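A look at the structure
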Amino acid sequence: MRPKLEKFVDSLPRLSVLEPKRKTKDGVHYEITMEQFRAKVHRDLPATTLWGYNGQFPGPMIEANRDEPVHVTWLNHLPSQHLLPVDLSIHGLNRLPIVRTVVHLHGIETKPDSDGHPEAWYTSGFQETGPVFSRKTFTYPNHQRGSLLWYHDHAMGITRLNVYAGLAGMYILRDKQEKVLNLPAGDYEIPLMITDRSFNADGSLFYPAGPEDPAPNLPHPSILPAFNGDTILVNGKAWPYLEVEPRKYRFRMLNASNTRSYQLQLDSDDSTFQQIGSDGGLLRKTVEMNTINFQPAERMDVIIDFSKAAGKSLTLKNNLGPDADPNDDTANIMQFRVNQPLKNKDKSKLPSSLSVIPSLKNNKVSVVRYLKLIGSEDEFGRPLLLLNNKHWHDPVTENPQLGTTEIWALTNTTNFSHPIHIHLIQFQVMDHQPFDLDQYNADGKIIFTGPPEAPAVNNRGWKDTIEVPAANITRVIAKFAPYSGEFVWHCHILEHEDYDMMRPYIVEDNADDKK
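Anyway, here's the lowdown on the structure attached to this text. Quick caveat, the model's predicted, so the values are computed rather than measured.

Core analysis: the largest hydrophobic core is formed by 107 residues, its most contacted members being Trp 74, Phe 251, Met 253, Phe 273, Leu 316 and Phe 336. Among the nonpolar cores identified, the runner-up in size contains 25 residues, and Leu 373, Ile 420, Phe 427 and Val 476 belong to it.

See below:
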């Protein structure tokens, strides 16, 4: 029996910025270790054994400046046995060391050898390495717009377990354009990593070793197609509260859950979200949102104005819908207590115009790729989700030329949404168009049931992860630059990514061929 925990009894941990090990003419240098440690995630729960960067969850926050390179040596100091049940039946994991790690900085434009390729893994002390491993120190050039990025494990076949164990952290990239807007800053800019977990009564992490009613021939442990925890954590605490002043605050939100998507809303008719940014930084204009759909790996940059809520408490809710169980604790995320005196007059701004985002629709499009999201089964009858009906180890089929613009028409033939992430690039969402899924399943034909629909107004900036709804074609447009080489694209439901909804793609540079 898992414990029932009281909400809003622990204060929200404030994430401190990591100091670099050194600064040189070629940038800023960090050394970050992956360690096993223990921490209390709730007042009434015994300490939990976790894995974390520098022995903390979330990992330490890195703050970087545009065009100033960051170099990180990621050191694996983890034990040789996993905290969680590892399915060895997928990806030949029975032939590999159990505990393997590699770090992906999600949203960064960097060369392939610093991107965190899933087969660039390594064990403690780099004693064993994967077939794509080439370097111990990763370089992030930061030649891109200011935005909230995040780093997390990306090792082949066990990403879901390594991230669930705690291997995730936040990375804020600053630029001058953002600073001149006079947005809430300092104590009034707060990163929020939202995630879900389940715990046993002794405080240990709970993650299932397989389905509740396994088939007789099913491997044990066995990967699940999805997993939602029953406890919501923010910055590593279960249902925390934050004491705030009656003024504007900027919240840099990240959905770091394995599977769970959220529909964020505030339980006050007087309060809304003023969304100013998403994955790839600032939007063109501020967008007022009553609810925000929030898929795994997406980031939301919002301002909440508490100036009219002095003396009140507001709850950040997860709208589970009218048919939800009223006792479902995951309808709550955290609480804001507007009980602090105003220290100084709030001089921060909420600009209507934020940034310039040139439309990629004006670019010459070299290729339109129709890429299907497909559901199937493996030899044990387990769900097996694939991209374009290809497995991870099948030959590469997506090979954009360096510097060219392509449209990827992501065609979801399954009956649920998938958040699709493409490494290296930020893209723009063109539209979603629904089709008849029953017709497709009957004869493989795409019959549209409505016209193309523009993306939600808060998804019209730069994105690197987007929800592809069931029975829809979602078209995204991207320029494949600035680096060539092998990258990956995948569903960011980590259980799907691990098996087998991830594919390599290669950005080809033919400059040498033309000499």
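Moving on from the coordinates now.
Our next topic: the side chain of Asp 196. Here Asp 196 is to be found in strand E10 (residues 189–199). A polar contact is formed between the side chain of Asp 196 and the side chain of Ser 257, at a distance of 3.4 Å. Side chain to side chain, Asp 196 and Arg 260 meet in a polar contact 3.0 Å long. Setting aside residues up to four positions removed in sequence, Asp 196 forms contacts with Tyr 164, Asn 228, Gly 229, Thr 231, Ile 232, Ser 257, Asn 258, Arg 260 and Tyr 262.

On to the pattern of salt bridges, then. Under the definition given, this model contains 29 salt bridges. Glu 189 is paired through a salt bridge with Arg 250; the nearest N and O atoms lie 3.6 Å apart. With Glu 189 in strand E10 and Arg 250 in strand E15 (residues 248–255), this pair connects stretches of sequence that are 61 residues apart. Of the two residues, Glu 189 and Arg 250, neither departs from the other in class, the shared state being buried. Among the ionic pairs, Asp 346 bridges to Lys 248, the shortest N-O distance being 3.1 Å. Of this pair, Asp 346 sits in the loop between strand E22 (332–337) and strand E23 (365–377) while Lys 248 sits in strand E15, placing them 98 residues apart in sequence. Asp 346 sits in the buried class, given a relative accessible area of 19%. Here the salt bridges share partners, and the residues they tie into one network are Glu 63, Arg 174, Glu 178, Glu 189, Arg 250, Arg 252 and Asp 301.

Now for the pairing of strand E4 (residues 59–65). For E4, a buried count of 5 out of 7 residues is recorded, marking the element as mostly surrounded by other parts of the structure. As paired strands, E4 and strand E9 (residues 168–174) are joined by 5 bridges and run parallel to one another. Residue pairing for E9: Asn 65 is matched across the bridge by Arg 174.

Here we come to the environment of Asp 431. In this fold, Asp 431 is placed in strand E27 (residues 428–434). Overall, Asp 431 belongs to the buried group, its relative accessible area being 8%. The spacing of Asp 431 and Phe 448 is 17 residues in sequence and 13 Å in space, taken between C-alpha atoms. When neighbours within four sequence positions are excluded, Asp 431 is seen to be in contact with Pro 452, Glu 453, Pro 455, Ile 473, Thr 474 and Arg 475.

What counts, and at which threshold
Residues numbered from 1 in each chain as written. Predicted model: local features only at pLDDT ≥ 70, side-chain atom pairs only at ≥ 80, totals over all residues. Heavy atoms only, no water. Core = buried A, V, L, I, M, F, W, Y, C linked by side-chain atoms within 4.5 Å. Buried < 20%, exposed > 50% of the residue type's maximum accessible area, 1.4 Å probe, protein only. Helix = DSSP H or I, 4+ residues; strand = E, 2+ residues; numbered from the N terminus. Polar contact = N/O pair within 3.5 Å; in protein donor to acceptor, adjacent residues only side chain to side chain. Contact = heavy atoms within 4.5 Å. Salt bridge = Lys/Arg side-chain N within 4 Å of Asp/Glu carboxyl O. Pairing = 2+ DSSP bridges.

Interpretation in functional terms is not warranted from these geometric data alone.
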